[in-house]
Structure formats: C-alpha cells, structure tokens
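The chain contents come next:
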There are 2 protein chains.
Amino acid sequence: MGEDTTDELMRATYCALCKHGFADLTMQDIADESSKSKATLHYHYDSKRDLLVAFLDYLYERFKERVAASGGETPSEQLLAFVDAVMTPPPRDRQEEFQTAILEIKAQAPYEDDFRERLARFDELVYDRVLTIVAAGVEDGTFSADVDPGMVASFFVTVVSGAHTRHVVEGRQPEGTVEALAEYVESKLLADDAEGKGLSAE
Amino acid sequence: MGEDTTDELMRATYCALCKHGFADLTMQDIADESSKSKATLHYHYDSKRDLLVAFLDYLYERFKERVAASGGETPSEQLLAFVDAVMTPPPRDRQEEFQTAILEIKAQAPYEDDFRERLARFDELVYDRVLTIVAAGVEDGTFSADVDPGMVASFFVTVVSGAHTRHVVEGRQPEGTVEALAEYVESKLLADDAEGKGLSAE
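Residues numbered from 1 in each chain as written. Chains lettered and ligands numbered in written order. Predicted model: local features only at pLDDT ≥ 70, side-chain atom pairs only at ≥ 80, totals over all residues. Heavy atoms only, no water.

A.B. asks: Teacher, can you tell me more about the overall build of chain A here?
C.D. replies: The number of helices and strands found in chain A is nine helices and zero strands. Counting from the amino terminus, helix and strand elements in chain A follow one another as α-α-α-α-α-α-α-α-α. Reported as C-alpha extents along the three principal axes, the dimensions of chain A are approximately 65 × 35 × 30 Å. The buried share of chain A, taken over its 202 residues, is 50%. Carbon and sulfur atoms make up 47% of the accessible area of chain A, which totals about 9000 Å². Between the averaged position of the 20 positive side-chain charges in chain A and that of its 40 negative side-chain charges there is a distance of 6 Å. (Helix = DSSP H or I, 4+ residues; strand = E, 2+ residues; numbered from the N terminus. Buried < 20%, exposed > 50% of the residue type's maximum accessible area, 1.4 Å probe, protein only. Areas by Shrake-Rupley, 256 points an atom, 1.4 Å probe, with all protein chains shown as cover. Lys, Arg positive; Asp, Glu negative; His and termini not counted. Charge placed at Lys NZ, Arg CZ, Asp CG, Glu CD.)

A.B. asks: Explanation requested: the interface of chain A and chain B in the structure shown.
C.D. replies: Listed as interface residues are 37 residues of chain A and, on the opposing side, 37 residues of chain B. Here chain A and chain B share an interface that buries about 3200 Å² over both sides, 63% of which is from carbon and sulfur atoms. Looking only at chain A, the three residues that lose the most surface to chain B are Phe155, Arg166 and Val169 of chain A, adding up to 18% of its buried area. Our count for the chain A to chain B interface comes out at zero salt bridges. If you look at where chain A meets chain B, you find nine residue pairs in polar contact (both at pLDDT 80 or more). (Contact = heavy atoms within 4.5 Å. Buried area = accessible area lost by both parts, 1.4 Å probe. Salt bridge = Lys/Arg side-chain N within 4 Å of Asp/Glu carboxyl O. Polar contact = N/O pair within 3.5 Å; in protein donor to acceptor, adjacent residues only side chain to side chain.)

A.B. asks: Is there a simple way to explain the packing of helix H6 (residues 95-108) of chain A against helix H8 (residues 149-170) of chain B in this structure?
C.D. replies: Pairs of packed helices are described in terms of their axes, by the angle between the two and the distance that separates them. At a minimum axis separation of 7 Å, H6 of chain A and H8 of chain B run at an interaxial angle of 55°. Taken together, H6 of chain A and H8 of chain B sit at an angle that is classed as oblique. Residues Leu103, Lys106 and Ala107 of chain A of H6 of chain A pack against Thr165, Val168 and Val169 of chain B of H8 of chain B. Its residues placed into classes, the contact of H6 of chain A with H8 of chain B shows four nonpolar, one polar and one charged. (Axes fitted to C-alpha atoms, helices over the stretch in contact; angles between N-to-C directions. Parallel < 35°, antiparallel > 145°, perpendicular 65-115°, else oblique. Nonpolar A, V, L, I, M, F, W, Y, C, P; charged D, E, K, R; others polar.)

A.B. asks: Is there a simple way to explain the relation of the copies chain A and chain B in this structure?
C.D. replies: What relates the two chain copies is a rotation about an axis together with a slide along it. For the pair chain A and chain B, the best superposition has an RMSD of 0.0 Å and corresponds to a rotation of 180° with a translation of 0.0 Å parallel to the axis. One copy is carried onto the other by what is essentially a two-fold rotation axis. Relative to the rotation axis, the C-alpha of Gly162 of chain A is the closest in chain A, positioned 1.7 Å from it. Counting the interface residues of chain A, we find that 100% of their copies in chain B are interface residues as well, pointing to one common contact surface. (Least-squares fit on C-alpha atoms with pLDDT ≥ 70 in both.)

A.B. asks: Got a minute to help me understand the side chain of Arg118 of chain B in this structure?
C.D. replies: Residue and element names in this part refer to chain B. Mapping Arg118 onto the fold places it in helix H7 (residues 113-139). Relative accessible area serves as the criterion here: at 17%, Arg118 is assigned to the buried category. Only 3.3 Å separates the side chain of Arg118 from the side chain of Glu117, close enough to count as a polar contact. When neighbours within four sequence positions are excluded, Arg118 is seen to be in contact with Val53, Leu56 and Asp57.

A.B. asks: Quick question: what am I supposed to make of the packing of aromatic side chains here?
C.D. replies: For any pair of aromatic rings, the description rests on two quantities: the centre-to-centre distance and the angle between the ring planes. Counted by the stated rule, this structure contains 16 aromatic pairs over all chains. An angle of 35° between the planes, with centres 4.5 Å apart, marks the rings of Tyr14 of chain B and Phe98 of chain B as tilted. With Tyr14 of chain B in helix H1 (residues 3-20) and Phe98 of chain B in helix H6 (residues 95-108), this pair connects stretches of sequence that are 84 residues apart. Assigned by exposure class, Tyr14 of chain B and Phe98 of chain B land together as buried. Through successive ring pairs, a cluster of aromatic residues spans Phe155, Phe156 and Tyr184 of chain A together with Phe155, Phe156 and Tyr184 of chain B. One residue, Arg62 of chain A, lies across the ring of Tyr58 of chain A, its end atom 3.9 Å from the ring centre. (Phe/Tyr/Trp six-rings, centres within 6.5 Å; stacked < 30°, edge-to-face > 60°. Lys NZ or Arg CZ within 6 Å of the ring centre and 35° of its normal.)

A.B. asks: Mind showing me how you'd approach H7 of chain B here?
C.D. replies: Since the α-helix turns once every 3.6 residues, residues separated by three or four places project in the same direction. All names here are of chain B. With 27 residues, H7 ought to run about 39 Å at 1.5 Å a step, and its terminal C-alpha atoms sit 37 Å apart, in line with that. Of all the residues in H7, the buried ones are Phe115, Arg118, Leu119, Phe122, Leu125, Val126, Val130, Ile133, Val134 and Gly137. Phi turns positive, to about 85°, at Gly141, one or two residues after H7. (Expected span 1.5 Å × (residues − 1).)

A.B. asks: What is the right way to look at the confidence of the model for chain A in this model?
C.D. replies: Any residue range with low pLDDT should be treated as having predicted coordinates unsuitable for detailed reading. All names here are of chain A. This prediction gives chain A a mean pLDDT of 88; 95% of its residues lie at or above 70. Per-element averaging of pLDDT across chain A places helix H9 (residues 177-189) at the bottom with 84 and helix H2 (residues 27-32) at the top with 96. Taken over the whole predicted complex, pTM reads 0.90, whereas the ipTM for its chain interfaces reads 0.88. (pLDDT = per-residue confidence, 0-100.)

A.B. asks: Just to check I follow, could you spell out H1 of chain B for this structure?
C.D. replies: All names here are of chain B. The terminal C-alpha atoms of H1, which comprises 18 residues, lie 25 Å apart, in line with the 26 Å expected from a rise of 1.5 Å per residue. Residues Thr5, Asp7, Leu9, Met10, Ala12, Thr13, Tyr14, Ala16, Leu17 and Cys18 constitute the buried set of H1. After H1 finishes, the residue Gly21 shows a positive phi value of roughly 75°.

What follows is the structure, encoded as structure tokens:
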C-alpha cells in the first residue's frame, strides 16, 4: 500500500472515529470517509481491529515526532516543554470527539491485547523521556540527589492519563494541570541550591 | 421500591456490568443476575440509562460513606488517609472488570449528560475534601502559606483519575502513585518548619 493510501485511510479512520465513536464504528463508516471501497479496506486490513491497530501505530509515530521536537535548555525547562507538548496536542478538527474515541479504545484494552500493547507505547514514551531528563538533572545537580527518576516518571504518566480522562468526562481540559506540574518540578525536584537555574529564574 | 429490592437490583447491575461490559449490557443481562424479571426492571426504570444513573447514585453514596471514614490527626495524615481510601477500594469480586466498565461509562459522558453529572460528583467529592484539608493545613501553619488549595485539590483529582485509567489500560494499579502523592505532600505542601509534625515524623 502506498504512503498516500495509508495516509488517506488513517485520516478516514480519524474522521469516522470522531463521527461514530469506537463502539459503533464499522468498516463501511471508514470507507465512507475515503475514496476507497469497503472491499479495498478489507483487502488491506482483515478486520476493524487490525485497522485500528494500524491507526494506533500511525498516531504513535506522529506523537513521537511531535514530542521529540520539544526543546528546553535546562532539565527543568526540558521537562516542562515536554509535558506541555504532551498535554497540548496540535489543534485538530473534532478534538473532543477524538479524545473520547481514544478513551473508548482504552476501555477495550483488557479485551484486546493488541490495543493494550499499542496504548502502552504512548505511556512508555512519556515514561522514558521523563526518566531520561530527570536522571540527567539529578546527575548534573539541577535536581536533588534524593529524587527517584522512576517514581517521578511514573507519576507524570499518571497525571497525563488523568488529564486526558478528565478532558473527556468534563468536556474541557482540567485547569492548572501544567501549572501544578511546573510547581511540582520547582518545589519537589529542584535541588535547593539550583532554584536560580530553573523555573524560578523565569 | 423497597430497600432490599434496590440493593438486589444494584448488585445485579454490578455483576452484569462486570460480565458484559457497558456497551453490550442489556436489561435482560441485569434481570438474569437477579430474582426479578426484565418486566419488573422496566417497571422501576424506564431504560438501561435510567438504571445506570441510579447505579451511579448508589455507588456515589457508598463511596461517600467509605471515604468519610478515613481518619488522620494532622492535615498531612488526613490528606494521605483520604487519598489511600480513594485509591484502594474495598476488595470486591471482579474489581478489574468493574473498573473497566466504569471507564466505558466515562467515555459515554460526552453523549449522556446524566452520566457526566453523576461522574462529576465523585470528582467534586475528592476536590472538596482535599480543598478543605489543605486549606485547614495552610490556616494552622502545617502547610506553606503559598500553597494554593484549589490547585492542589484539582491536581489530586487528576492523579486519582489517571491512576484509575492506567489500572484499566495496564491491568494493574500503577505502582507508586500513593507514595508519589505522599512525597508531594511532604516536599511541596509542608511548611519548612512543620516537617517534624507531618510525614517525616513517621
């Protein structure tokens, strides 16, 4: 399958998920959002599940590219730029509906190992990146020596996951999550003699 | 409807949700878990949605009772006892399946205002209780004067929500969430001269 066709089918899957949600989604719904027939979809993907697994892979690649580009000089700045990139996806059509469909897919994880495995990759990416930044910050003395990078990384994954769920349930991004994480970095992670180097200097 | 019948139907709803999940649940599935007929269920509840709204109300009352009993002397202890009560539900049959069904219901919130409203009450209870404890702690000098109780309360709601979602997606309670919150309370909230009063003393 050419890259253009893949892109078209992935965009069609996005639109169909936003319109119909996950539970009621059919291959026909996805075909309807593209120039391809349902038969063509079935030629490339055996089932709706296979197509959605490919869609999660596609989303993951884009997520990886997007968050890789987050900058920052000091470990504190890197951490907050990364969190900001993770928490504020690029403006897209039907963002709310899309987030809702993703939460529906998360609720299927216990029944579909392929979904669970793909969803885990997003969390692992967040975990690994936070772990790397925090460990480097402990190493160079920006962060306190008694900070446990693994615990901080897992905590960040939990906060990101909670912000997503609350966004769906409440219909809006919960206020202050990024600010709360910024305060967490400042008060919990920064070494006492490093406050001037990090956020407090801003 | 007598209290016994309500209890029986709520327990039947719990079992049916665990077995069938939310999306495929029917009134017949719920009737099958009770001694009542589907006709009796329909006599008391117009629709599956109405029954689930009653079920969420029922869960909320139990949740309220359970977390109200969490103790603690100092504000730090109260906060952590509360978080512990919220994060560790009583052992129940099919806990994993139940948490999954609740996540499915959360993903319906954008389409069902009654669900959204009921789900919001759980978050509001957590928010209000954390707000009250933190505000009291700031007042009595246990917590720093520059702690913003509203931001802390919202952050706790996000963390609790994230722990629930990760539990479903990963099939296990994320490790270290309660410990991470305990460290957060210790390093971010406690006033510098109050460290001996709180967790550090344990």
